[in-house]
Amino acid sequence: MSETRRKLTTIFSADVQDYTRLMRADEEGTLATLKRHRDAMGRLIEAHEGRVVNTWGDGLIAEFPSVVEALRTAIDVQNELAGCNAKCLPDEQMLFRIGINLGDVIAEGDDLYGDGVNVAARLQASAPAGGIVISNTVYDQVRNKVAVGFDFLGPLEVKNIDGGVPSYAVRIGAADAHPAFASETFGRRTESAASNAAPPRPEPKQIGVIAAIRSGLLPVLSVVAAGLVALNLLAWNGTFWAVWPLLGLAILAGLAWLRTNPWVDRGIGMLVLSGLVLLTINLLTWRGVFWAVWPLLAFAVVGGIRWVTRQRRSLGS
């Protein structure tokens, strides 16, 4: 019996969108195309030092020792298969969906089991045809190392994992800037849904606010703020002293917003938040002098330098 052990690895999961429809239309042709695409995928996986763990039907599971190489493989696969599909009629194209997760798995012989594999499969099921979706553990490792864009999708619900798994869509070209996702949240699309464009996803800011609310912090801060205002009004003596603790609560809310919006540069976000705090203090203690203009100017210069530096690093990566 094979030895069972645990290990941390990168799981690459792929399957064909609308495989049932393709098989129904042309079984032999679809099977031949699947073999060609799978051979190409296997070649690219091996070239990036990955290993095919298992295949079944239209699906494939692979693992990589490197998170970056796993994502590069997925990008190369989608680009190469896009070239192959360009020669086919739209109804005959075979489009793969890919999900990538970095997680702890159980290894038994050559097989892998556990939540790490399940998460990758759920990410793959949520991806658009020809697209790639990654988990937050992958995003944290690749965001400054691979020259692609990312769209935050929110938490992906996975069995046995409380709170879900934050996920990101990978933008690998202009055509993928706004991929059409399923209308049902992170579910496997039906053939009828796949043929129609899904309604636009919420903007990242909305998703971040929702995540902060779900964390329980914003409701607590709101209740505390309302209590302070009520106490100040009930014990009114001509001074609105609650403004200062309210400012402190606003700072906490701003920090919570930055934490739940990973697409926002933390450095620039902190500069903006600090500038708003200084501006508020200047206005609340107004004595005829706008002293906050100088630190605000300094923050603007530092923020501009950081933004330009990030842009150059992104183009050079």
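Source: prediction; values computed, not measured. (Residues numbered from 1 in each chain as written. Predicted model: local features only at pLDDT ≥ 70, side-chain atom pairs only at ≥ 80, totals over all residues. Heavy atoms only, no water.)

Take the nonpolar core next. Core analysis: the biggest nonpolar cluster contains 37 residues, and Phe12, Leu71, Ile100, Ile132 and Ile134 have the highest contact counts within it. Among the elements that make up this core, the one with the highest residue count is helix H3 (residues 67-85) (8 residues). Beyond its immediate stretch of four places on either side in the chain, Ile132 contacts Leu71, Ala74, Ile75, Gln78, Ile98, Ile100, Tyr168, Ala169, Val170 and Ile172. By size, the runner-up hydrophobic cluster in this structure holds 9 residues, among which are Leu123, Ala127, Val158 and Ala169. (Core = buried A, V, L, I, M, F, W, Y, C linked by side-chain atoms within 4.5 Å. Buried < 20%, exposed > 50% of the residue type's maximum accessible area, 1.4 Å probe, protein only. Helix = DSSP H or I, 4+ residues; strand = E, 2+ residues; numbered from the N terminus. Contact = heavy atoms within 4.5 Å.)

Before going further, it helps to spend a moment on the environment of Lys7. You can see Lys7 is positioned in strand S1 (residues 4-16). A relative accessible area of 23% means that Lys7 is categorised as partly exposed. A C-alpha to C-alpha distance of 5.7 Å links Lys7 and Val105, two positions 98 residues apart in sequence. For Lys7, the residues in contact, after removing those within four places along its chain, are Glu63, Gly103, Asp104, Val105, Ala107 and Leu112. Side chain to side chain, Lys7 and Glu63 meet in a polar contact 3.1 Å long. (Polar contact = N/O pair within 3.5 Å; in protein donor to acceptor, adjacent residues only side chain to side chain.)

Along the chain, His37 falls in helix H2 (residues 27-47). Residues contacting His37, with those up to four places away along its chain left out, are Leu81, Cys84, Asn85, Met94 and Phe96.

Looking now at the confidence of the model for the chain. Averaged over every residue, the pLDDT of the chain is 81; the share at 70 or more is 80%. Per-element mean pLDDT across the chain ranges from 36 in helix H6 (residues 191-194) up to 95 in strand S6 (residues 132-135). Of the regions scoring below 50 in pLDDT, residues 174-215 engages in 71 contacts with residues more than four places distant in sequence or in other chains. (pLDDT = per-residue confidence, 0-100.)

A separate point is the pattern of salt bridges. Side chains bearing opposite charge may pair, as long as their charged atoms lie close to each other. Tallying each qualifying case throughout the model produces 8 salt bridges. Its salt-bridge partner being Arg6, residue Asp104 comes within 2.6 Å of it at the nearest N-O pair. Taken together, the residues Asp104 in strand S4 (residues 96-108) and Arg6 in strand S1 connect sequence positions 98 residues apart. Given a relative accessible area of 56%, Arg6 falls into the exposed group. (Salt bridge = Lys/Arg side-chain N within 4 Å of Asp/Glu carboxyl O.)

Within the element layout of this structure, Ala70 appears in helix H3. Considering only alpha carbons, one finds Ala70 and Gly50, 20 residues apart in sequence, at a separation of 7.4 Å. Setting aside residues no more than four positions away along its own chain, Ala70 makes contact with Thr10, Phe12, Phe64 and Ile100.

Okay, the packing of H2 against H3 next. With their axes 10 Å apart at the nearest point, H2 and H3 run at an angle of 150° to one another. The pairing of H2 with H3 is recorded here as roughly antiparallel in orientation. Crossing handedness for the pair H2 and H3: right-handed. Contacts from His37, Ala40, Met41, Arg43, Leu44 and Ile45 in H2 reach Thr73, Asp76, Val77, Glu80, Leu81, Cys84 and Asn85 in H3. Class assignment of the residues belonging to the contact of H2 with H3 gives a composition of 7 nonpolar, 3 polar and 3 charged. (Axes fitted to C-alpha atoms, helices over the stretch in contact; angles between N-to-C directions. Parallel < 35°, antiparallel > 145°, perpendicular 65-115°, else oblique. Left-handed = near helix turned anticlockwise from the far one by under 90°. Nonpolar A, V, L, I, M, F, W, Y, C, P; charged D, E, K, R; others polar.)

With that settled, consider a negative patch on the surface. Negative charge collects at one region of the surface, where Asp26, Glu27, Glu28, Asp91 and Glu92 lie side by side. Here Glu27 is to be found in helix H2. (Patch = residues over 30% accessible without salt bridge, like charges linked within 9 Å, V, L, I, M, F, W, Y side chains within 5 Å. Areas by Shrake-Rupley, 256 points an atom, 1.4 Å probe, with all protein chains shown as cover. Lys, Arg positive; Asp, Glu negative; His and termini not counted. Charge placed at Lys NZ, Arg CZ, Asp CG, Glu CD.)

Here we take up the pairing of S4. Taken across its 13 residues, S4 has 10 buried, putting it largely inside the fold. In the sheet, S1 pairs with S4 via 13 bridges, with the strands oriented antiparallel. Its bridge partner lying in S4, Ile11 is registered against Asn101. Where S4 lies against S6, 3 bridges are found, and the strand directions are parallel. Bridge pairing in S6 places Ile98 opposite Ile132. As defined by bridge partners, S4 adjoins strand S5 (residues 111-113) across 3 bridges and the pair is classed as antiparallel. Counterpart to Ala107 in the pairing with S5 is Leu112. Between the end of S4 and the start of S5, which pair antiparallel, lie 2 residues, with Gly109 showing a positive phi angle near 65°. (Pairing = 2+ DSSP bridges.)

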